[in-house]
Amino acid sequence: MSNVSFAKPSFVQRLLNSIGSGARPQAAAGARVLVVDDSPTICAVLGKMLLQDQYAVLKASDGHSAIIMAIREQPALIFLDVVMPGLNGFDVLRALRNDPRTQHIPIVMISGNAQATEQFYLQRFGADDFMKKPFGRDEVYHRIGQLVLAGRLAPRSAANAVSTPVMPAVATAHDAIPDIAMPDAEIAHGFGDWHA
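The structure reproduced in this document is the subject of the present report. (Residues numbered from 1 in each chain as written. Predicted model: local features only at pLDDT ≥ 70, side-chain atom pairs only at ≥ 80, totals over all residues. Heavy atoms only, no water.)

**A look at the overall build of the protein**
Okay, so step 1: When helices and strands are tallied, the protein shows eight helices and seven strands.
Okay, so step 2: Within the protein, counting contacts between residues at least 6 apart in sequence, those at least 24 apart form 68% of the total.
Okay, so step 3: Per element, the accessible surface of the protein, about 10700 Å² overall, is 58% carbon and sulfur. (Helix = DSSP H or I, 4+ residues; strand = E, 2+ residues; numbered from the N terminus. Contact = heavy atoms within 4.5 Å. Areas by Shrake-Rupley, 256 points an atom, 1.4 Å probe, with all protein chains shown as cover.)

So, in C-alpha cells, the structure goes:
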C-alpha cells in the first residue's frame with residue numbers, strides 16, 4: 001500500500017503553479033461578490049470591474065443593508081468601505097466576524113485613508129485584506145488572486161469558466177463608468193468627468 005497523500009495544495013504550491021502560467025489566479029466564475037460603499041461611484045466602478053471578470057455583483061450602500069445581504073445571500077467575497085454613515089466598516093466587519101453565518105466570508109476593506117493604525121485595527125478585527133482608494137482594475141484582481149492563492153476563495157477552472165456574451169445595451173451602459181474608482185468628492189472636483 002502506498003503512502004500517497006491527496007492533501008489540498010499548500011499556499012506555496014498554488015503560488016508556484018501560478019507563476020509562469022501567464023494566468024492570474026481568479027475566483028470561480030459567477031461567484032457572488034458583495035460591494036459595500038455609500039459612494040454610488042465606487043459601487044458602479046467596482047461593480048463594472050467585477051462583472052467584466054465574470055463575477056455576480058451584489059451592492060449595498062450602508063452597513064445595515066450589508067449585514068442583512070451577507071446573511072441572506074452568502075457572497076463568496078465582500079469589498080467593504082471603512083467610512084460610511086451609520087454603521088461604519090469597523091462595525092460591519094465586527095458584526096460579520098461574530099456571526100457564525102458570515103464569519104467565513106473573506107472581506108477586503110476599502111478606504112481612502114491608508115494609515116497604519118487603521119490597517120492594524122482592520123486586521124485585528126478580522127479583515128482579510130485592505131485596498132486604498134483610488135484603485136484600478138489590476139489592484140482589484142490582485143486582491144482576489146491573493147485570496148485564491150491563500151485558499152480563501154475557490155479558484156476558477158476551465159470547468160467553471162463562464163463564457164456568457166455581454167449584451168450590447170449592458171456594454172454601452174458600462175462604457176460610461178470609469179475604470180479607476182475614486183471617491184465621489186474627487187470626481188466632482190475635477191479629477192474625472194463622470195458623475196453618479
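**As for unusual backbone geometry**
Okay, so step 1: In this chain, Lys133 is followed by Pro134 through a cis amide linkage whose omega measures -10°.
Okay, so step 2: When you line up the elements, Pro134 lands in the loop between strand E5 (129-132) and strand E6 (135-136).
Okay, so step 3: One non-glycine residue, Gln54, lies in the positive phi region at around 70°.
Okay, so step 4: Of note, Gln54 is situated in the loop between helix H2 (40-52) and strand E2 (56-60).
Okay, so step 5: For Gln54, a relative accessible area of 28% corresponds to the partly exposed category.
Okay, so step 6: In this model, Gln74 sits at a positive phi of 50°, which is unusual for a non-glycine residue.
Okay, so step 7: Along the chain, the position of Gln74 falls in the loop between helix H3 (63-73) and strand E3 (77-81). (Buried < 20%, exposed > 50% of the residue type's maximum accessible area, 1.4 Å probe, protein only.)

**Observations concerning the pairing of E2**
Note on strand geometry: in a regular strand, side chains alternate between the two faces of the sheet.
Okay, so step 1: Here strand E1 (residues 32-36) runs beside E2; their pairing, made up of five bridges, is parallel. In the sheet register, Val36 faces E2, and the bridge partner there is Ala60. (Pairing = 2+ DSSP bridges.)

**Here's the deal with H2**
Okay, so step 1: For H2, spanning 13 residues, the distance from its first C-alpha to its last is 18 Å, which sits close to the expected 18 Å at 1.5 Å a residue.
Okay, so step 2: Among the 13 residues in H2, 10 count as buried, and that is most of the element.
Okay, so step 3: Gln54, located one to two residues past H2, shows a positive phi value of around 70°. (Expected span 1.5 Å × (residues − 1).)

**Quick notes on the pattern of salt bridges**
Okay, so step 1: What the rule picks out here adds up to nine salt bridges.
Okay, so step 2: We note a salt bridge from Arg101 to Asp99, for which the minimum N-O separation is 2.7 Å.
Okay, so step 3: When its relative accessible area of 15% is taken as the criterion, Asp99 is described as buried.
Okay, so step 4: Its salt-bridge partner being Asp129, residue Arg143 comes within 3.1 Å of it at the nearest N-O pair. With Arg143 in helix H6 (residues 137-149) and Asp129 in strand E5, this pair connects stretches of sequence that are 14 residues apart.
Okay, so step 5: Each of the salt bridges in this network shares a partner with another, and the network as a whole consists of Asp37, Asp81 and Lys133. (Salt bridge = Lys/Arg side-chain N within 4 Å of Asp/Glu carboxyl O.)

**Some words on the packing of aromatic side chains**
Okay, so step 1: In total, this model carries one aromatic pair according to the counting rule given.
Okay, so step 2: Consider the rings of Phe90 and Phe125, whose centres lie 6.1 Å apart with planes at 80°: the pair is edge-to-face. Highlighted residues: Phe90 in helix H4 (residues 89-98) and Phe125 in the loop between helix H5 (116-124) and E5, separated in sequence by 35 residues.
Okay, so step 3: Classification of Phe90 as buried rests on a relative accessible area of 18%.
Okay, so step 4: Residue Phe125 is classed as partly exposed on the basis of its relative accessible area of 27%.
Okay, so step 5: Cation over ring: Arg94 sits above Phe125, and NZ or CZ is 4.5 Å from the ring centre.
Okay, so step 6: Lying over the aromatic face of Tyr55, Arg156 brings its terminal NZ or CZ to 5.1 Å of the ring centre. (Phe/Tyr/Trp six-rings, centres within 6.5 Å; stacked < 30°, edge-to-face > 60°. Lys NZ or Arg CZ within 6 Å of the ring centre and 35° of its normal.)

Limitation: the analysis is restricted to geometry and does not speak to function.
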